[in-house]
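The primary structure of each chain is shown beneath.
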Number of protein chains: 2
Amino acid sequence: MDLRSILLVTQYDGGEFAGWQRQPDARTVQGEMEVVLNRLCGGNPVSAVGAGRTDAGVHAHGQGVGVRMPPSWTPDRLRRAMNSLLPRDIWVAAAHEMTPDFHPRRSATARRYGYLVGTDEGAWSPFRRRYEWAVRHPLDATALAEEAASLMGEHTFRAFAVAHTAPVDDHHRCVIHHAAWVPRDGGWVFEVAANRFLHHMVRFLVGTMIDVAQGRRPRGTIARLLVAPDNRETTAPAPAHGLSLQQVTYPVTCYAQC
Amino acid sequence: MDLRSILLVTQYDGGEFAGWQRQPDARTVQGEMEVVLNRLCGGNPVSAVGAGRTDAGVHAHGQGVGVRMPPSWTPDRLRRAMNSLLPRDIWVAAAHEMTPDFHPRRSATARRYGYLVGTDEGAWSPFRRRYEWAVRHPLDATALAEEAASLMGEHTFRAFAVAHTAPVDDHHRCVIHHAAWVPRDGGWVFEVAANRFLHHMVRFLVGTMIDVAQGRRPRGTIARLLVAPDNRETTAPAPAHGLSLQQVTYPVTCYAQC
């Protein structure tokens, strides 16, 4: 029996998850989704494959989750059934039928993340602190713009990755399509899109740029670190809870004809 | 040694609390605040007295919390010390020195609550579902306005209270100063202010008004229930997580001269 290949565009509040990836003794997004999928398939195990492994505390507005289901499950029927059974902090916003060779991680051509930084007094409220990094000192807008601009294009990101988490022969190269600090009520959002991201990469970048924007490190630090061989001079990663995986992009050829 | 009477205007995300009131085996807001206060007082027990006992899941943007502290603790010093020690989901937004006879519950002249209802597709996202009641069917704006208007003034709220939670001789009378459904992006907020509220009162009112606004109960239901002897014909309470205690009002004479 051929299985249907379905993409579930998934949102979650990462606050009460030990990240995306299944773990034996921790509550994870993948674990919760697979419990529901197995139940819908009469106890048969079903894998939920994510486009990216978000860390503990990281949110998602559009994680790409691929599943293979018996053909009686249309995307819309699956979406409704899952939303009625999933816990309140996970939500399938959309579902699409994909081609048989679609793979949620390998087929992705781009990912977009957003990182919220709060700079006003209200940023410390429990309602915003769940989703933003509240910082005490004002940020230099020109410094933010300069550091973000230096990210554009293809670079080696050894300085912005957790050491020894990529394969030994990994080139650590990423192509940044978009990087900008956008002002908003009460603070900023750092928007960044790339073909791929290394482990902790956005959080390393934000931590370092905030140090520059608060005058603790000189301007041009990002450009200098982009040629560094490791992360020894990089600022510690910004907190996980400010980060959200906004969108995963797939080629139109991955979507099945309707 | 005379103790200082201090009002802590406190915010919390109720999602991970078993309500305001201290309980031996559950995480509560009062319990967490008292742990921090005791630590600041070198292990001496300090009570945190709330203006109202919010239920499990109910949020607060302005709970009134009264404490008595040794005179070395100015309000501002106490606020800073508490915010550095409290968990991320509690935040003291302001602190004021009060007169010696101030009592956070008995001195309050008004409380204001807000209840969020979401009516668009996005209301189901995990980021909004934590703070809003997402409802499936559209709401009749005229019905909402009529039902809310009938609440204004002094009434007996036996139909909108949990049975047997008030003292036997309680008159169940409350004076409603303000009651209105205000449209907002993606839904509505029900705003209500009164001299006092009974247990589950706002949630009973919202549950019943949503039934009217979705055509399941006739218009005028609120007015009819305001003369009912008990809650047997009242709609079940709306979910706790849509509710927030917005503000507690005290007479200016309760605030100590600066």
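Rules and cut-offs
- Residues numbered from 1 in each chain as written.
- Chains lettered and ligands numbered in written order.
- Predicted model: local features only at pLDDT ≥ 70, side-chain atom pairs only at ≥ 80, totals over all residues.
- Heavy atoms only, no water.
- Least-squares fit on C-alpha atoms with pLDDT ≥ 70 in both.
- Contact = heavy atoms within 4.5 Å.
- Salt bridge = Lys/Arg side-chain N within 4 Å of Asp/Glu carboxyl O.
- Polar contact = N/O pair within 3.5 Å; in protein donor to acceptor, adjacent residues only side chain to side chain.
- Helix = DSSP H or I, 4+ residues; strand = E, 2+ residues; numbered from the N terminus.
- Nonpolar A, V, L, I, M, F, W, Y, C, P; charged D, E, K, R; others polar.
- Buried < 20%, exposed > 50% of the residue type's maximum accessible area, 1.4 Å probe, protein only.
- Phe/Tyr/Trp six-rings, centres within 6.5 Å; stacked < 30°, edge-to-face > 60°.
- Pairing = 2+ DSSP bridges.
- Domains from an automatic or database assignment.
- Buried area = accessible area lost by both parts, 1.4 Å probe.
- Expected span 1.5 Å × (residues − 1).

Caption draft 1: Quick peek at the relation of the copies chain A and chain B. Rotating chain A by 180° and translating it 0.0 Å along the rotation axis places it on chain B, where the RMSD comes to 0.0 Å. Taken together, these values place the two copies in the relation of a two-fold axis. Minimal C-alpha distance to the rotation axis in chain A is attained by E16 of chain A, lying at 4.7 Å. Interface residue correspondence from chain A to chain B reaches 96%, placing this contact among same-surface, isologous pairings.

Caption draft 2: How the structure looks around the interface of chain A and chain B. Listed by partner, the interface residues are 23 residues for chain A and 22 residues for chain B. There are four salt bridges connecting chain A and chain B. Salt-bridge contacts for R79 of chain B lead to E121 of chain A; the nearest nitrogen and oxygen are separated by 3.7 Å. Our count for the contact surface shared by chain A and chain B stands at eight residue pairs in polar contact (both at pLDDT 80 or more). Going through the elements one at a time, β1 (4-12), β3 (59-69), β4 (90-98) and α3 (126-129) of chain A are the ones with two or more residues in the side of chain A that touches chain B. By residue class, the composition of the side of chain A that touches chain B is nine nonpolar, five polar and nine charged.

Caption draft 3: Representation of unusual backbone geometry within the structure. Residue and element names in this part refer to chain A. At H200, a position not held by glycine, the phi torsion is positive, near 75°. For H200, the location among the structural elements is in the loop between β9 (187-194) and α5 (201-213). Taking the relative accessible area as the measure of exposure, H200 reaches 21% and is therefore partly exposed.

Caption draft 4: The arrangement of the packing of aromatic side chains in detail. Summed over all chains, the structure comprises 18 aromatic pairs over all chains. Aromatic side chains F127 of chain A and Y131 of chain B sit 5.8 Å apart centroid to centroid with 75° between the ring planes, which places their arrangement in the edge-to-face category. One end of the pair, F127 of chain A, is in helix α3; the other, Y131 of chain B, is in the loop between α3 (126-129) and β6 (133-134), on a second chain. Both residues of the pair, F127 of chain A and Y131 of chain B, belong to the buried class.

Caption draft 5: Structural context of the pairing of strand β8 (residues 173-184) of chain B. All names here are of chain B. Pairing analysis gives four bridges linking strand β7 (residues 153-156) to β8, with the strands arranged antiparallel. Among the inter-strand pairings, E154 is bridged to a residue of β8, identified as V175. Pairing geometry for β8 and strand β9 (residues 187-194), over eight bridges, is antiparallel. The residue of β9 that forms the bridge with A180 is E191. Turn length for the β8-β9 hairpin, with the two strands adjacent in sequence and antiparallel, is two residues, and the turn residue G186 shows positive phi of about 85°.

Caption draft 6: Here's a closer look at the pairing of β9 of chain A. Residue and element names in this part refer to chain A. β9 sits mainly inside the fold: seven of its eight residues count as buried. Across eight bridges, the pairing between strand β5 (residues 110-118) and β9 is antiparallel. Within β9, the residue paired with G118 across the bridge is G187.

Caption draft 7: Quick peek at the domain arrangement of chain A. Residue and element names in this part refer to chain A. Domain annotation of chain A identifies domain 1 (4-107) and domain 2 (110-246). Computed over C-alpha atoms only, the centres of domain 1 and domain 2 are separated by 27 Å. Between domain 1 and domain 2, the residue contacts involve 15 residues of the former and 12 residues of the latter. Contact between domain 1 and domain 2 buries roughly 1100 Å² in total, counting both sides, with carbon and sulfur atoms accounting for 43%.

Caption draft 8: Just helix α1 (residues 29-40) of chain B, in detail. All names here are of chain B. The end-to-end C-alpha separation of α1 is 17 Å, in line with the 16 Å expected for 12 residues at 1.5 Å each. Residues V29, Q30, G31, M33, E34, V36, L37 and L40 constitute the buried set of α1. Residues of α1 that are buried in the fold lie against β1 (4-12), β3 (59-69), α2 (75-85) and β4 (90-98). For α1, the capping residue at the N-terminal end is T28, with a side-chain oxygen 3.0 Å from the backbone nitrogen of G31. Looking one or two places after α1, you find G42, whose phi comes out positive at around 60°.

Caption draft 9: Here's a closer look at the pattern of salt bridges. Residue and element names in this part refer to chain A. Inspection of the entire model under this criterion finds 42 salt bridges over all chains. A salt bridge links D13 to R130; the shortest N-O distance between them is 3.1 Å. On the criterion of sequence distance, the pair formed by D13 in the loop between β1 and α1 (29-40) and R130 in the loop between α3 and β6 (133-134) is long-range, its members being 117 residues apart. Note on D13: relative accessible area 2%, which makes it buried.

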